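# Descriptive structure summary
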Amino acid sequence: MIQSMTGFGKATLQLPNKKITVEIKSLNSKGLDLNVRMPSVYREMELGLRNQLSTVLERGKIDFSIFMENTAEQTSTKVNVPIVKAYISQLREVYAEADETELMKMAVRMPDVLKTEREEIDENDWSEIQVVIEEGIKNIKAFRISEGVALEKEFLHRIANIMTMMNETVALDSERIQTVKTRLRTAIDELEVNVDENRFEQELIFYLEKYDITEEKVRLENHLNYFIETLAGSEANGRKLGFITQEMGREINTMGSKSNHAQMQKLVVQMKDELEKIKEQVLNVL
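Residues numbered from 1 in each chain as written. Predicted model: local features only at pLDDT ≥ 70, side-chain atom pairs only at ≥ 80, totals over all residues. Heavy atoms only, no water.

Moving on, we get to the overall build of the protein chain. Along the backbone of the protein chain there are nine helices and six strands. Here the C-alpha radius of gyration of the protein chain, 35 Å, is well above what a compact globule of 286 residues would show, namely 19 Å. Summarising its shape, the C-alpha atoms of the protein chain cover approximately 125 × 45 × 25 Å along the three principal directions. The proportion of buried residues among the 286 residues of the protein chain is 36%. Long-range pairs, those at least 24 residues apart, make up 78% of the contacts in the protein chain between residues at least 6 apart in sequence. Total accessible area on the protein chain stands at roughly 17300 Å², and carbon and sulfur atoms take up 50% of it. (Helix = DSSP H or I, 4+ residues; strand = E, 2+ residues; numbered from the N terminus. Rg over C-alpha atoms; globule rule 2.2 N^0.38 Å. Buried < 20%, exposed > 50% of the residue type's maximum accessible area, 1.4 Å probe, protein only. Contact = heavy atoms within 4.5 Å. Areas by Shrake-Rupley, 256 points an atom, 1.4 Å probe, with all protein chains shown as cover.)

What follows is the structure in structure tokens.
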């Protein structure tokens with residue numbers, strides 16, 4: 001079963017003093033483009049987290065975020081009281097006429113008034129956060145699978161359309177051949193010259209062989225069936241499906257160049273349109 005590279009996963013965790021939210025967003029990309037945002041306190045865990053995400057999510061432009069909301073009454077940022085008192089003392093020497101309120105307002109704007117105590121990682125907290133990360137990954141994988149189901153239905157619909165148009169093109173082939181024979185015969189008759197019928201038949205056969213689309217039809221049909229088989233296989237991936245669509249395009253283009261028939265060329269254009277829609281969606285396949 002195929003998976004889409006597009007997805008979204010979210011999970012939350014309420015700890016005693018903070019709320020943790022994990023969000024994972026994914027869009028299509030040729031390779032893995034991983035962007036990780038997380039609070040500085042957990043930064044040392046980033047390398048292991050990147051390895052975890054790249055192993056599970058494989059490809060895509062992925063934005064991973066951990067948001068932390070402090071729900072405790074205490075805060076890690078403190079007022080540096082000695083520094084504030086020192087500033088007030090110095091300011092009083094400069095502005096002796098200022099009252100305490102004005103001095104305080106000026107002092108709190110000075111550098112180093114606030115100090116943030118470095119928060120250490122709580123191993124128990126990180127273990128719980130890791131569970132939430134796994135939940136977020138599980139959610140985005142479920143989203144990708146759901147999108148993959150929709151993509152598969154779309155592909156099968158488009159492939160069926162191409163198959164129908166290909167068969168219609170082949171059905172017109174006998175009419176096209178008869179039209180070519182009639183046109184050539186009419187041109188010969190208008191010249192009012194004697195023609196060796198055996199030579200005429202040989203040249204006609206040679207001419208028609210150049211425009212025969214049987215091989216292209218067989219190869220295109222094989223590519224269409226291989227595309228369907230790949231969709232149903234366990235190794236389905238966007239790169240492989242993309243290569244198959246390239247081969248399909250070559251056969252359709254050759255059929256168009258050989259058709260020399262208005263209705264057949266119209267069908268070829270419609271097949272190209274269906275194939276382009278497939279190619280656009282294949283870019284989203286993991």
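Another aspect to go through is the pairing of strand 2 (residues 18–27). Where burial is concerned, most of strand 2 is hidden: seven out of the 10 residues are buried. Relative to strand 2, strand 1 (residues 7–14) runs antiparallel, the two being bridged by eight bridges. Looking at the pairing, F8 lines up with K25 of strand 2. Connecting strand 1 to the next strand, strand 2, in antiparallel fashion are three residues. (Pairing = 2+ DSSP bridges.)

So, about the sheet that holds strand 1. Strand order in this open sheet of four strands is 1-2-4-3, and the pairing throughout is mixed. In this open sheet, the two edge strands, each paired with only one partner strand, are strand 1 and strand 3 (32–37). On average, each strand axis in the sheet is inclined to that of its neighbour by 10°, with strand direction left out of account. Contacting strand 2, strand 3 and strand 4 (60–70), helix 1 (residues 46–57) crosses the sheet at an angle of about 140° to strand 3. This element, helix 4 (residues 123–171), spans strand 1, strand 2 and strand 4 of the sheet and lies at about 155° to strand 1. (Axes fitted to C-alpha atoms, helices over the stretch in contact; angles between N-to-C directions.)

Phi is positive for E58, close to 65°, though the residue is something other than glycine. As for its position among the elements, E58 is in the loop between helix 1 and strand 4. Note on E58: relative accessible area 48%, which makes it partly exposed.

Moving on, we get to helix 8 (residues 238–259). An ideal rise of 1.5 Å per residue puts 32 Å on 22 residues; helix 8 measures up with 31 Å between its terminal C-alpha atoms. Where helix 8 ends, the next residue or the one after it, N260, has phi of about 50°, a positive value. (Expected span 1.5 Å × (residues − 1).)

The next subject is the packing of aromatic side chains. Summed over all chains, the structure comprises two aromatic pairs. For the ring pair Y42 and W126, a centre distance of 5.4 Å and an interplane angle of 40° mean the geometry is tilted. Residue Y42 is found in the loop between strand 3 and helix 1, and its partner W126 is found in helix 4; the two are separated by 84 residues along the sequence. The buried category is assigned to W126, whose relative accessible area is 8%. Aromatic pair F155 and F227: ring centres 5.6 Å apart, planes at 85°, arrangement edge-to-face. Taken together, the residues F155 in helix 4 and F227 in helix 7 (residues 214–232) connect sequence positions 72 residues apart. (Phe/Tyr/Trp six-rings, centres within 6.5 Å; stacked < 30°, edge-to-face > 60°.)

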